[in-house]
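What follows is the residue order along each chain.
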Amino acid sequence: MRAFTYQRAASPQEAALAAAGTDHARFIAGGTNLLDLMKIEVETPTHLIDVNGLGLDTIEATDDGGLRIGALVRNTDLAADHRVRRDYGVLTRALVAGASGQLRNKATTGGNLLQRTRCPYFQDTNMPCNKRQPGAGCAAREGASRQLAIIGASEHCIATHPSDMAVALRVLDARVETIDGQGRTRHISLADFHVLPGETPHIESVLEKGELITAVTLPAPPGGRHFYHKVRDRSSYAFALVSVALVLRADGSGRVALGGVAPKPWRDERAEAALPRGAGAVIERLLDGARPTQENRFKVTLAERTLAAVLAEAKE
Amino acid sequence: MRFDQPADPNAADQGRVLGRPHARIDGPLKTTGTAPYAYERHDVAVGQLVGYPVVSAIAKGRIKAMDTRAAEAAPGVVAVITTLDREPLPKARMNVVHLFGGRDIQHYHQAIAVVVAETFEQARAAAALVRTDYHQDPDARFDLAAERRAHQDDEVEPASRVGDFDSAFQAAPVKLDATYSTPGQCHAQMEPHASIAQWKDGTLTLWTANQMVAWSRKALAKAFDLPLEKVRLDSPYIGGGFGAKLFLRADAVLAAVAARATGRPVKVALPRPMIANNATHRGLTIQRLRIGANEDGRITAIGHDNTTNTPPGGGGEEATIPTEHFYAGANRLLVHRPLEMHLPESNAMRAPGDTAGQMALEVAMDEMAEKLHMDPVAFRVLNDTQVDPGNPERRFSQRHFVECLERGAREFGWSKRNRTPGGRRDGVWLVGHGMAGAYRGSPAQASGARVTLKPDARVRVETDMTDIGTGSYTIIAQTAAEMLGVPLEAVQVSLGDSDSPVSAGSGGQWGAASATAGVYAACLALRERIAERLGAEPGDLAFEDGQVRHGGETTPLAGIGGDGDLVAEDRIEFGDFRDKDYVLATFASHFVEVGVHAYTGEIRVRRMLAVCDAGRILNPITARSQVIGGMTMGVGAALMEELKVDTRYGFFATHDLASYEVPVHADIGEQQVIFLDGEDPCSSPLKAKGVGELGICGVSAAVANAVYNATGVRVRDYPITLDKFLDRLPRPA
Ligand SMILES: Cc1cc2nc3c(=O)[nH]c(=O)nc-3n(C[C@H](O)[C@H](O)[C@H](O)COP(=O)(O)OP(=O)(O)OC[C@H]3O[C@@H](n4cnc5c(N)ncnc54)[C@H](O)[C@@H]3O)c2cc1C
Ligand code: SF4
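Residues numbered from 1 in each chain as written. Chains lettered and ligands numbered in written order. Predicted model: local features only at pLDDT ≥ 70, side-chain atom pairs only at ≥ 80, totals over all residues. Heavy atoms only, no water.

A.B. asks: Hey, could you go over the interface of chain A and chain B for me, with residue numbers and the actual values?
C.D. replies: Taken together, the contacts link 39 residues of chain A with 40 residues of chain B. Surface buried jointly by chain A and chain B totals about 3,100 Å² across both partners, of which 52% is contributed by carbon and sulfur atoms. Summed over the shared surface of chain A and chain B, the result is four salt bridges. The partner of A:Glu295 in a salt bridge is B:Lys644, and the shortest N-O contact between them spans 2.6 Å. Joining chain A to chain B, the criterion identifies 18 residue pairs in polar contact (both at pLDDT 80 or more). Contributions of two or more residues to the side of chain A that touches chain B are made by β9 (225–231) and α12 (298–315) of chain A. The biggest single contributor to the side of chain A that touches chain B is α12(A), with nine residues. Among the residues forming the side of chain A that touches chain B, the class breakdown is 17 nonpolar, nine polar and 13 charged. (Contact = heavy atoms within 4.5 Å. Buried area = accessible area lost by both parts, 1.4 Å probe. Salt bridge = Lys/Arg side-chain N within 4 Å of Asp/Glu carboxyl O. Polar contact = N/O pair within 3.5 Å; in protein donor to acceptor, adjacent residues only side chain to side chain. Helix = DSSP H or I, 4+ residues; strand = E, 2+ residues; numbered from the N terminus. Nonpolar A, V, L, I, M, F, W, Y, C, P; charged D, E, K, R; others polar.)

This is the structure in structure tokens:
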């Protein structure tokens, strides 16, 4: 871990301003991802701006019947909020399927969205990785790629976004609220928030330098029944091989997003139209154009079977 | 004391303390975080510096140059010592690769420097500033399957040959020929390798976490060219070992090198991401099993051909071991092919040879039973043997394997098992049942102890034996309490100090039986001392309730030695009758129920049962903990643990505890352990054997067989993850 300077900002705008004006600065929220990566020098910020204590840790009802979740709301608190449990069950289920109790106590809403990939080569600084070092090459494509993306990736990077929470937020049509150093705010649909790697896998979101996430907003509850099925190699404390977030309405229509398959939560509203025809039809559309590696080809089948499992459960 | 013939009834048989379920006497220290583990021994030496390892970025080649200037100039740095500063440190026979010194790189993450600073953070930051130029050697081999193809037909001297395997297998009416693979596995012990070293007046002291104090003392003396008396090791508490800490490792030599260079005590721990590649692992195996049997199920031919990785000079994972003695059969052929490769060092991990070997053998037995249309329990019962199949003169000293099988089948409800693979559903879960046998040899090693009777009748036991979480403290205290007739609380046990008598150490599941035998010997010596005091014959004394009875008189132990201590020391040495006349081994049966999600292939172990035959159980609580720990590790080996090899770069890519998955609580359902009553007089004066390694043997195969039973799909490549069978898993109707 490199030496760094540390600053406690007095307001969100001040934090954003400081980050915009300082090279190699990072916000620190729960620190559960950032600090781990700093210890192995995958992240090497020289300045940390602490965004705890700025009043961004509340969940409030919005005028349009939705919720505004502060960026610093802990994963544990978000999962336990009675409104979330009642109206956005898929979010609670996704959150508690992630990490461990201790980590969720620290992990924040904003930090979770911006957590980095678990690609093993990204985490080993001896290995070529375009995401860590643009132009270095991608060791994963022909290496240990079992956990990695089958769709939305590029020849430059096949990393997945590992978050469970984000998959649920995606089916809930969440929006990300930000502020910059000038005090300007933006509302970015989660669909547009993460960007695909293309030739620039080191760019993972549309955030500008210094831009701070202040909240995530949810529109009015979508109704329907909520499911989150996460498939992994052990029962807990592991990242998804594939996960399915589903909101299913009584008429058989609904929304589906997949985790563990792409560099962002993977959803295609057109594929959802096929829901009444079953899992096969949805996945065919949703994973159209998938380019798996030898090691992760199974994810195509697994995604389809996991959605089928959830649809079967919904029928019970 | 020599143990040259089977034990007679003796003073350890009384069952007052030994054999009783006592909670660990070191438990409170551990649960309150006050047991002094190596890295936290801040009080043993003043002015401790912190060393952080620098490790190789390549797997094979030479270092051209190292630039340490930036590291040396970094804040707090006291010294940077590189591998180029010295010749390779002489290594002990037990170590395969070099630990430090010289330009040659033998494996990924080999230690190449240590950065020493005032604080951990300073050392770590500076370590990242060391720049190294390598010359990579393109002639490197990392792919076991490819190496096996290249060497499949090499003539090798069989590890064991009995009768004429080829003809018998040819002629057998029922045959199985199947190949299984097991991946590299990481000990993943909770406490990382850690040491504090100090040089003072020519003596090197190492506070460390090491299973084999005497071996490692010797290894350290050799590395630094010191007489043995100038080296002291202290390893009282060890946060898990599983074989990872049998030998000297890089933490110890880096700490010692750095302490010498700086003239101050230095502590070094291996950071978790370095452990998988820097330290040792259970080697990978590819195993071909051939079994031939008559229609009635009797095995006529059994062949086991094992290929495994090792660095040049090592032995790899000897997976053929169980097949030598486990089942009957007149014609046998065992072939072991350690192929020299350039992955990190494969070496001992919990039940080396047997764990990986039974992962294959016990699935092969299941497949064979199916071919014979036999119950796999009955098939094993039929092929039980009470003698060494290669040398019928040698009997098993005790072998209650059939009882393990039959008792297990009864307790588990085997008769109610699913009989049609893939045929039982419970909601979305396919339910399957599987079983396996387990076998592990029961060796013993010479072991010494010193026992002191204090004037207040407290007893102190000193031995360099270690407790790696196994319960050694407790069973040693129980032994002394039993032998001297004092309450358990009156016994204080000091372990892991090389100043104490040399013990068997913790390895090869010999620790419990050997170390308690050493304590028994020392207690007998103390009883003689006491008899002298009383002017009586030792044999006429009875030790009970803190008193000695002799003739009609009763003398309290307190004050029997006047105001001073009564001290006695002895050592047990095991005669070769154990191996010449007998085969000593432990046995178990494992029964497992799994659920496999009919859609996704997720596997959940629902319940497990082990029935163990392991001589006298010295303490049912600590023994049970050993076995359920082994069962848990067996689930890991069956379903998730894999050091994933990158065959291009030659390293284990899953080198942290997020990617090297071991079971979590939620993975383990109900676990039941039954110990058969048994005392094996051939094993030790206490008639005890080991259980720590027995606990993992056979478990993974039982899980694998249950998965097959649930799904109807056989996976012969561990770990059994859903990607290996999902395309063959029938879709739910
Ligand atoms: C062992 C382990 C297992 C895990 N398992 C799972 C799992 O199964 N599923 C899962 O979903 N997650 C899992 N996680 C990841 C965990 O969810 C994330 O580490 C956590 O959500 C990150 O939140 P944080 O607040 O700690 O972020 P930090 O580490 O503080 O920050 C992460 C990144 O976000 C940036 N950032 C933080 N807040 C803001 C903000 N308000 N605006 C702009 N940028 C910001 C930081 O600068 C940093 O780059 C696991 C983590 C670990 C260590
Ligand atoms: S997949 Fe992406 S993160 Fe992984 S090595 Fe390739 S570029 Fe790096």
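A.B. asks: A description of the pattern of salt bridges should follow, citing residues and the corresponding values.
C.D. replies: Scanning all chains against the criterion turns up 69 salt bridges over all chains. Close ionic contact of B:Arg2 with B:Glu573 constitutes a salt bridge, the shortest N to O distance being 3.5 Å. Here the residue B:Arg2 occupies a position in strand β1 (residues 2–3), and B:Glu573 occupies one in strand β27 (residues 566–574), the gap between them amounting to 571 residues. A relative accessible area of 31% means that B:Glu573 is categorised as partly exposed. With a closest N to O distance of 3.3 Å, B:Asp565 and B:Lys454 form a salt bridge. In this pair, B:Asp565 sits in the loop between β26 (553–556) and β27 while B:Lys454 sits in the loop between β21 (447–453) and β22 (459–462), placing the two residues 111 residues apart along the sequence. The network of salt bridges with common partners includes A:Arg170, A:Asp173, A:Arg255, A:Arg267, A:Glu269 and A:Glu272. (Buried < 20%, exposed > 50% of the residue type's maximum accessible area, 1.4 Å probe, protein only.)

A.B. asks: Outline the sheet that holds strand β4 (residues 59–61) of chain A, supporting the account with residue identities and numerical values.
C.D. replies: Remark on secondary structure: sheet strands pair via backbone hydrogen bonds, oriented parallel or antiparallel. All names here are of chain A. Here five strands make up an open sheet; going across it, the order is β4-β5-β8-β6-β7 and the pairing antiparallel. The open sheet is flanked by β4 and β7 (185–189), the only strands paired with a single partner. Strand-to-strand, the axes of this sheet are offset by a mean angle of 25 degrees, without reference to chain direction. In terms of strand pairing, strand β6 (residues 175–179) meets strand β8 (residues 212–218) through five bridges, oriented antiparallel. (Pairing = 2+ DSSP bridges. Axes fitted to C-alpha atoms, helices over the stretch in contact; angles between N-to-C directions.)

A.B. asks: Explain the side chain of B:Ser216 to me, using residue names and the numbers behind them.
C.D. replies: All names here are of chain B. For serine 216, the location among the structural elements is in helix α6 (residues 213–223). The exposure class of serine 216 is buried, given its relative accessible area of 1%. Dropping the residues within four chain positions of it, serine 216 is found in contact with Asn210, Leu233, Leu246, Phe247 and Leu248.

A.B. asks: Kindly report on the UniProt feature "domain: FAD-binding PCMH-type" (unreviewed entry) in chain A, identifying the contributing residues and their values.
C.D. replies: With numbering aligned to this structure, UniProt lists the feature "domain: FAD-binding PCMH-type" (unreviewed entry) at residues 1–223 of chain A. Between the end C-alpha atoms of residues 1–223 of chain A there is a gap of 46 Å, over a span that is 26% helix and 16% strand. (UniProt positions renumbered as here; feature names shortened; annotations may be inferred.)

A.B. asks: Please set out the site of ligand 2 residue by residue, giving values where relevant.
C.D. replies: Every one of the 14 residues lining ligand 2 counts as a neighbour, but A:Cys119, A:Cys129, A:Cys138, A:Cys157 and A:Ile158 are closest to it. Broken down by class, the residue content of the shell around ligand 2 amounts to 11 nonpolar, two polar and one charged. (Near = heavy atom within 4 Å.)

A.B. asks: Outline the nonpolar core, supporting the account with residue identities and numerical values.
C.D. replies: The biggest cluster of nonpolar side chains holds 124 residues, and the ones touching the most others in it are A:Leu246, A:Leu258, B:Val594, B:Leu639, B:Val703, B:Ile720 and B:Phe725. The element that contributes the greatest number of residues to this core is α12(A), accounting for 10 residues. Membership of the second largest hydrophobic core comes to 49 residues, among which are A:Ala16, A:Ile49, A:Met165 and A:Leu218. (Core = buried A, V, L, I, M, F, W, Y, C linked by side-chain atoms within 4.5 Å.)

A.B. asks: Now, about the domain arrangement of chain B: what can you tell me, with residues and values included?
C.D. replies: Residue and element names in this part refer to chain B. Structurally, chain B comprises domain 1 (9–35 + 444–576) and domain 2 (391–442 + 584–728). Computed from C-alpha coordinates alone, the two centres of domain 1 and domain 2 are separated by 34 Å. Listed as interface residues are 28 residues of domain 1 and, on the opposing side, 25 residues of domain 2. For the pair domain 1 and domain 2, the summed buried area comes to about 1,800 Å², and 56% of that belongs to carbon and sulfur atoms. (Domains from an automatic or database assignment.)

A.B. asks: Got a sec to walk through the packing of helix α16 (residues 620–639) of chain B against helix α17 (residues 699–711) of chain B? Specific residues and values, please.
C.D. replies: Residue and element names in this part refer to chain B. Contact geometry for α16 and α17: axes closest at 7 Å, N-to-C directions at 50 degrees. As judged from the angle between their axes, α16 and α17 are oblique. The two elements α16 and α17 meet at a crossing, and its hand is right-handed. On the side of α16, the interface is formed by Gly630, Met631, Gly634, Val635, Ala637, Ala638 and Leu639, while α17 contributes Val699, Ser700 and Val703. Of the residues assigned to the contact of α16 with α17, the class counts are seven nonpolar, three polar and no charged. (Parallel < 35°, antiparallel > 145°, perpendicular 65-115°, else oblique. Left-handed = near helix turned anticlockwise from the far one by under 90°.)

A.B. asks: Describe the UniProt feature "domain: Aldehyde oxidase/xanthine dehydrogenase a/b hammerhead" (unreviewed entry) in chain B, with residues and values.
C.D. replies: According to UniProt, the positions carrying the feature "domain: Aldehyde oxidase/xanthine dehydrogenase a/b hammerhead" (unreviewed entry) are residues 32–138 of chain B. Within the segment residues 32–138 of chain B, helix and strand shares are 12% and 33% respectively, and the terminal C-alpha atoms sit 51 Å apart.

A.B. asks: Account for the environment of B:Leu289, naming residues and giving values.
C.D. replies: Residues and elements named next belong to chain B. Mapped onto the elements of the fold, leucine 289 is located in strand β14 (residues 285–293). The exposure class of leucine 289 is buried, given its relative accessible area of 0%. Along the sequence, leucine 289 and aspartate 305 sit 16 residues apart, while their C-alpha atoms lie 6.6 Å from each other. In this structure leucine 289 touches Leu176, Asp177, Ala178, Tyr180, Gly303, His304, Ala360, Leu361 and Ala364, once residues within four positions along its chain are discounted.

A.B. asks: How would you explain the sheet that holds strand β6 (residues 111–117) of chain B if you had to name every residue and give the values?
C.D. replies: All names here are of chain B. Read across the open sheet, the seven strands follow the order β4-β6-β2-β13-β10-β11-β12; overall the sheet is mixed. At either end of the open sheet lies a strand with only one pairing partner, and these are β4 (77–82) and β12 (231–234). This sheet shows a mean twist of 20 degrees between the axes of neighbouring strands, independent of strand direction. Examined bridge by bridge, strand β11 (residues 203–208) and β12 share four bridges and lie parallel to one another. Directly across from threonine 205, in β12, lies its bridge partner arginine 232. Sheet strands in contact with α6 are β11 and β12, and its direction is about 145 degrees off that of β12. Together, β2 (49–55), β4, β6, β10 (194–200), β11 and β13 (266–269) form the strand contacts of helix α7 (residues 250–262), whose direction differs from that of β10 by roughly 30 degrees.

A.B. asks: Go over unusual backbone geometry, please, and point to the residues and values.
C.D. replies: The step from B:Tyr718 to B:Pro719 runs through a cis peptide bond, and the omega angle for that step is -10 degrees. Relative to the assigned elements, B:Pro719 resides in the segment after α17. Unlike most non-glycine residues, A:His24 shows phi in positive territory, near 55 degrees. Topologically, A:His24 is positioned in the loop between α1 (12–21) and β2 (25–28). Here A:His24 falls in the exposed class, since its relative accessible area comes to 57%. For B:Ala457, which is not glycine, the phi dihedral falls at a positive 75 degrees. Assignment of secondary structure puts B:Ala457 in the loop between β21 and β22.

A.B. asks: How would you explain the packing of helix α10 (residues 354–371) of chain B against α17(B) if you had to name every residue and give the values?
C.D. replies: All names here are of chain B. Where α10 contacts α17, the two axes come as close as 8 Å, and the packing angle between them is 40 degrees. As far as their axial angle goes, α17 and α10 are oblique. The way α10 lies across α17 gives a crossing that is right-handed. Contacts between α10 and α17 involve Gln358, Met359, Glu362, Val363, Asp366 and Glu370 from the former and Ser700, Ala701, Ala704, Asn705 and Tyr708 from the latter. Counted by class, the contact of α10 with α17 contains five nonpolar, three polar and three charged residues.

A.B. asks: Hey, could you go over the pairing of β26(B) for me, with residue numbers and the actual values?
C.D. replies: Residue and element names in this part refer to chain B. Sheet topology places strand β25 (residues 547–550) next to β26; four bridges connect them, and they run antiparallel. Bridging from a neighbouring strand, histidine 550 pairs with glutamate 553 of β26. Between β25 and β26, which pair antiparallel in sequence order, lie two residues; one of them, glycine 551, sits at a positive phi of approximately 60 degrees.

A.B. asks: Before we move on, can you summarise the site of ligand 1 with the specific residues and values?
C.D. replies: All names here are of chain A. Taken together, the neighbourhood of ligand 1 is formed by 30 residues, with Phe27, Gly31, Thr32, Thr108 and Asp164 sitting nearest. The backbone of asparagine 33 places a nitrogen or oxygen atom 2.9 Å from an oxygen atom of ligand 1. One of the backbone N or O atoms of alanine 238 is found 3.4 Å from an oxygen atom in ligand 1. Here ligand 1 has 970 Å² of accessible area as a free molecule, and 95% of this is covered by the chains. Of all the secondary-structure elements, those providing two or more residues to the shell around ligand 1 are β2, α2 (34–39), α7 (109–113) and β8. Split into classes, the residues belonging to the shell around ligand 1 amount to 14 nonpolar, 11 polar and five charged. (Areas by Shrake-Rupley, 256 points an atom, 1.4 Å probe, with all protein chains shown as cover.)

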